[in-house]
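Okay, here's what each chain looks like letter by letter:
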Amino acid sequence: MASVFEYAPAPESRSVVDIAPSYGLFIDGEFTDAADGRVFKSISPSTEEVLSEVAQAGEADVDRAVKAARKAFEKWSALPGSERAKYLFRIARIIQERSRELAVLETLDNGKPIKETRDADLPLVAAHFFYYAGWADKLEHAGFGASPRPLGVAGQVIPWNFPLLMLAWKIAPALATGNTVVLKPAETTPLSALFFADICRQAGLPKGVVNILPGYGDAGAALVGHEDVNKVAFTGSTAVGKEIARTVAGTRKKLTLELGGKGANIVFDDAPIDQAVEGIVTGIFFNQGQVCCAGSRLLVQESIRDELLDSLKRRLSTLRLGDPLDKNTDIGAINSAEQLARITALTEQGEAEGAERWSPACELPSSGYWFAPTLFTNVTQAHTIARDEIFGPVLSVLTFRTPDEAVAKANNSQYGLSAGIWTEKGSRILAVANKLRAGVVWSNTFNKFDPTSPFGGYKESGFGREGGRHGLEAYLAPSSPEGER
């Protein structure tokens, strides 16, 4: 995209990561082939090159992994919290030591810019393991009963937008509380989870405590429905979350769901425009908008609409789209051809319904999956692009006149995951935040995360919280015997 500065290429070296031609499933501390021998290919979305061939888990593999986790649970849960903490601290330190390697791997497999994996994802991954390591020997002080107990085997299914970070969100609290894990990464981004399996071996984690099963939806369904799984944690689409809720209903499994979102980013007329524009860009174009809590609806006070949009368009014209491994890149590749097709279809529907579309001048690479940052104006609440989660670099702009109207429009969604408020008045921040039906509300910032802070949603954005002290609760049974289902 056009810029007042010319940036010389600054590519990160691929040589820091050694990707094997093929990978197996990680079960009971060893890499192994799938029971039926099936494999699939992991493809780099920025180039469409095949990175590796990966074993594809099926129902028999899920059963084998759950049995390994159940066997390991007896000894793992009996360890003093201080001993479990040592493993988590060790994992955290190894992640830090291998952070450059893991950042390059994540960028290759996912398509997001290296500066995001390097500066956001990997520091947060290590921070989550450090944080929950600190909780491991203090669970009786967490507020969940005098002698909280682990549940047993946790079945965890994670998405492709933050592969290693979502793994950390789920595995760290599970291990700290004495549970064992069977985790299924997304089929488009299995590699960082498999590298994490190697980190578990490097840290000396007992066999069977963590098991990694790359595969498709059938493997996830088998894991969720397995009779010997005590806890299910899922991050992904609302449609799949509903299926999981139906599967788990009537069982004694504990369930947390972190699903879709259509976050409202509310800008009042007293907000600092330049600061708000940076927050808007971070809110929707970070990770190409492939973020469940993205600020994909911009609600701007009518009196400053034109000024803010002019400033926002100027800022978007300076974003750099291209090679995700280039340290100057702001916008990377869309994760898959399937996701690109969904984004394209919804934006075309937005135009067909009468919204006005704008994108900065942008040359898209000839190979890979790419979509230019897109802005829609003249959007109403009836437009599909204002209601449905696009999960891409697409921003819908609506206006409001009063705080009450802003709140009404922000809450007019089936989702309730995130929101942002931009104003100089602290009293307004508190008043509006208390009325927003969103699990996370940022004030004068957006997309800021910390392992000490709980995250989760309302309505069709799911239930339960991950992160912070609250994230321990989903993996504890205050009054039930260990392993009881």
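Keep in mind it's a predicted model, so treat the numbers as computed, not measured. (Residues numbered from 1 in each chain as written. Predicted model: local features only at pLDDT ≥ 70, side-chain atom pairs only at ≥ 80, totals over all residues. Heavy atoms only, no water.)

Student: Looking at this structure, I do not really get the pattern of salt bridges. What am I missing?
Tutor: A side chain of one charge can pair with a side chain of the opposite charge when the charged atoms of the two come close. In the structure shown here, the tally under the stated rule is 29 salt bridges. The partner of Asp-36 in a salt bridge is Arg-38, and the shortest N-O contact between them spans 2.8 Å. In this structure Asp-36 comes out as partly exposed when scored by relative accessible area, which is 46%. Residue Asp-270 pairs with Arg-428 through a salt bridge whose shortest N-O separation is 3.2 Å. Residue Asp-270 is located in the loop between strand S12 (264-267) and helix H9 (273-285), and its partner Arg-428 is located in helix H14 (residues 426-433); the two are separated by 158 residues in the primary sequence. Since its relative accessible area comes to 16%, Asp-270 is described here as buried. What emerges from the salt-bridge pattern is a single network uniting Glu-30, Arg-201 and Lys-207. (Salt bridge = Lys/Arg side-chain N within 4 Å of Asp/Glu carboxyl O. Buried < 20%, exposed > 50% of the residue type's maximum accessible area, 1.4 Å probe, protein only. Helix = DSSP H or I, 4+ residues; strand = E, 2+ residues; numbered from the N terminus.)

Student: Any chance you could explain the nonpolar core here in plain terms?
Tutor: In summary, soluble globular proteins display a tendency toward joint burial of nonpolar side chains. Counting 108 residues, the largest nonpolar core has Ile-95, Phe-129, Phe-196 and Leu-312 as its most contacted members. Element by element, the count of residues in this core is highest for helix H5 (residues 163-176), at eleven residues. When near neighbours in sequence (up to four residues on either side) are disregarded, Phe-129 contacts Leu-88, Ile-91, Ala-92, Ile-95, Leu-167, Ala-168, Ile-171, Ala-172 and Phe-196. Counting 28 residues, the second largest nonpolar core, distinct from the first, contains Tyr-369, Phe-371, Leu-398 and Phe-400. (Core = buried A, V, L, I, M, F, W, Y, C linked by side-chain atoms within 4.5 Å. Contact = heavy atoms within 4.5 Å.)

Student: How should the UniProt feature "domain: Aldehyde dehydrogenase" (unreviewed entry) in the protein chain be read in this particular structure?
Tutor: Mapped onto this numbering, the UniProt entry gives "domain: Aldehyde dehydrogenase" (unreviewed entry) at residues 32-477. Between the end C-alpha atoms of residues 32-477 the distance is 33 Å, and the span holds 41% helix and 17% strand. (UniProt positions renumbered as here; feature names shortened; annotations may be inferred.)

Student: What exactly am I supposed to notice about the sheet that holds strand S1 (residues 22-23) here?
Tutor: By way of backbone hydrogen bonds, the strands of a sheet pair with one another, either parallel or antiparallel. With mixed pairing, the three strands of this open sheet are ordered in space as S1-S5-S4. Of all strands in the sheet, those bounded by a partner on one side alone are S1 and strand S4 (39-43). By the bridge criterion, five bridges tie S4 to strand S5 (residues 50-55) in an arrangement that is antiparallel. By the bridge assignment, Ser-42 is partnered in S5 with Ser-52. Most of the contacts of helix H6 (residues 191-202) go to S5, to which it runs at about 65°, and overall it touches S1, S4 and S5. (Pairing = 2+ DSSP bridges. Axes fitted to C-alpha atoms, helices over the stretch in contact; angles between N-to-C directions.)

Student: Explain the domain arrangement of the protein chain here, please?
Tutor: Size of an interface, as often reported, equals the accessible area lost when the parts are brought together. Entries for the protein chain in the domain assignment read domain 1 (14-259 + 461-483) and domain 2 (264-450). Averaged C-alpha coordinates put domain 1 and domain 2 at centres separated by 30 Å. Counting residues at the interface gives 31 residues for domain 1 and 32 residues for domain 2. One can count one salt bridge joining domain 1 with domain 2. Across the salt bridge formed by Lys-115 and Asp-330, the nearest N and O atoms sit 2.5 Å from each other. There are twelve residue pairs in polar contact (both at pLDDT 80 or more) connecting domain 1 and domain 2. Residue assignment for the side of domain 1 that touches domain 2 shows that the elements contributing at least two residues are helix H3 (99-110) and helix H4 (114-135). Looking at the side of domain 1 that touches domain 2 element by element, the count peaks at six residues for H4. Taken together, the residues of the side of domain 1 that touches domain 2 sort by class into twelve nonpolar, ten polar and nine charged. (Domains from an automatic or database assignment. Polar contact = N/O pair within 3.5 Å; in protein donor to acceptor, adjacent residues only side chain to side chain. Nonpolar A, V, L, I, M, F, W, Y, C, P; charged D, E, K, R; others polar.)

Student: Quick question: what am I supposed to make of the layout of surface pockets here?
Tutor: Over the atoms, a rolled probe matching the size of one water molecule traces out where space is still vacant. Each pocket or cavity is described by its volume, and for the largest pocket that value is around 1200 Å³. Along the walls of the largest pocket sit 44 residues, with Trp-160, Glu-187, Gly-236, Ser-237 and Val-240 positioned nearest its centre. Listing elements by their share of the lining of the largest pocket, those giving two or more residues are S4, helix H7 (217-225), strand S10 (231-235), helix H8 (238-248) and helix H11 (337-352). In terms of residue count, H8 provides more of the lining of the largest pocket than any other element does, six residues in total. Residue composition of the lining of the largest pocket, by class: 19 nonpolar, 16 polar and nine charged. Composition of the lining of the largest pocket by domain shows at least three residues from each of domain 1 (14-259 + 461-483) and domain 2 (264-450). Looking at the second largest pocket, its volume works out to about 490 Å³. Taken together, 21 residues make up the lining of the second largest pocket; nearest its centre are Lys-115, Glu-116, Ala-120, Thr-282 and Phe-286. Sorting elements by how many residues they give to the lining of the second largest pocket places H4 first, with six residues. (1 Å grid on protein atoms, 1.4 Å probe; cavity = no way out; pocket = protein on both sides within 12 Å on 5 of 7 lines; lining within 4 Å. Points joined across faces, edges and corners; volume = space filled by probe spheres on them.)

Student: Looking at this model, I keep getting lost on the environment of Pro-159. Mind explaining?
Tutor: Within the element layout of this structure, Pro-159 appears in the loop between strand S7 (153-157) and H5. For Pro-159, a relative accessible area of 13% translates into the label buried. Distance in space between the C-alpha atoms of Pro-159 and Thr-188 is 9.0 Å, their sequence separation being 29 residues.

Student: How should the sheet that holds strand S16 (residues 394-400) be read in this particular structure?
Tutor: Pairing in this open sheet of seven strands is mixed, and the strands run S14-S15-S16-S13-S12-S18-S19 from one edge to the other. Of all strands in the sheet, those with a lone pairing partner are strand S14 (356-358) and strand S19 (440-443), marking the two edges. Shown here is a sheet whose adjacent strand axes are inclined to one another by a mean of 20°, direction ignored. On top of the sheet, helix H13 (residues 403-411) reaches S12, strand S13 (297-301) and S16; it is set at about 170° to S13, its chief contact. Contacts from H14 reach S12, strand S18 (418-422) and S19, with the element oriented near 155° to S18.

Student: Would you mind going over the confidence of the model for the protein chain with me for this structure?
Tutor: Interpretation of the predicted coordinates at a detailed level should be avoided for regions scoring low in pLDDT. For the protein chain, the mean per-residue pLDDT works out to 96, and 98% of the residues sit at or above 70. When the elements of the protein chain are averaged for pLDDT, strand S22 (residues 476-477) gives the smallest value, 95, and strand S9 (residues 210-212) the largest, 99. A low-confidence stretch, residues 481-485 (pLDDT under 50), is modelled with 19 contacts involving residues beyond four sequence positions or located in other chains. (pLDDT = per-residue confidence, 0-100.)

Student: In this structure, what is going on with the environment of Asp-228? I would like to understand it.
Tutor: Its place among the elements puts Asp-228 in the loop between H7 and S10. On the basis of relative accessible area, Asp-228 is assigned to the buried category, the value being 16%. A C-alpha to C-alpha distance of 7.1 Å links Asp-228 and Val-66, two positions 162 residues apart in sequence.

Student: Can you help me understand the packing of aromatic side chains in this one?
Tutor: By convention here, two paired aromatic rings are described through the distance between centres and the angle between planes. Inspection of the entire model under this criterion finds 15 aromatic pairs. On the numbers, 6.0 Å between centres and 25° between planes, the contact of Phe-162 with Phe-286 is stacked. Separated by 124 residues along the polypeptide, Phe-162 in the loop between S7 and H5 and Phe-286 in the loop between H9 and S13 bring together distant segments of the chain. Taking relative accessible area as the criterion, Phe-286 reaches 18% and is therefore assigned buried. Aromatic ring contacts, followed pair by pair, group Trp-169, Trp-442, Phe-446, Phe-449 and Phe-455 into a single cluster. Above the plane of the ring of Tyr-87 lies Arg-90, whose end atom (NZ or CZ) is 5.2 Å from the centre. The side chain of Arg-437 reaches across the aromatic face of Tyr-458, ending 4.0 Å from its centre. (Phe/Tyr/Trp six-rings, centres within 6.5 Å; stacked < 30°, edge-to-face > 60°. Lys NZ or Arg CZ within 6 Å of the ring centre and 35° of its normal.)

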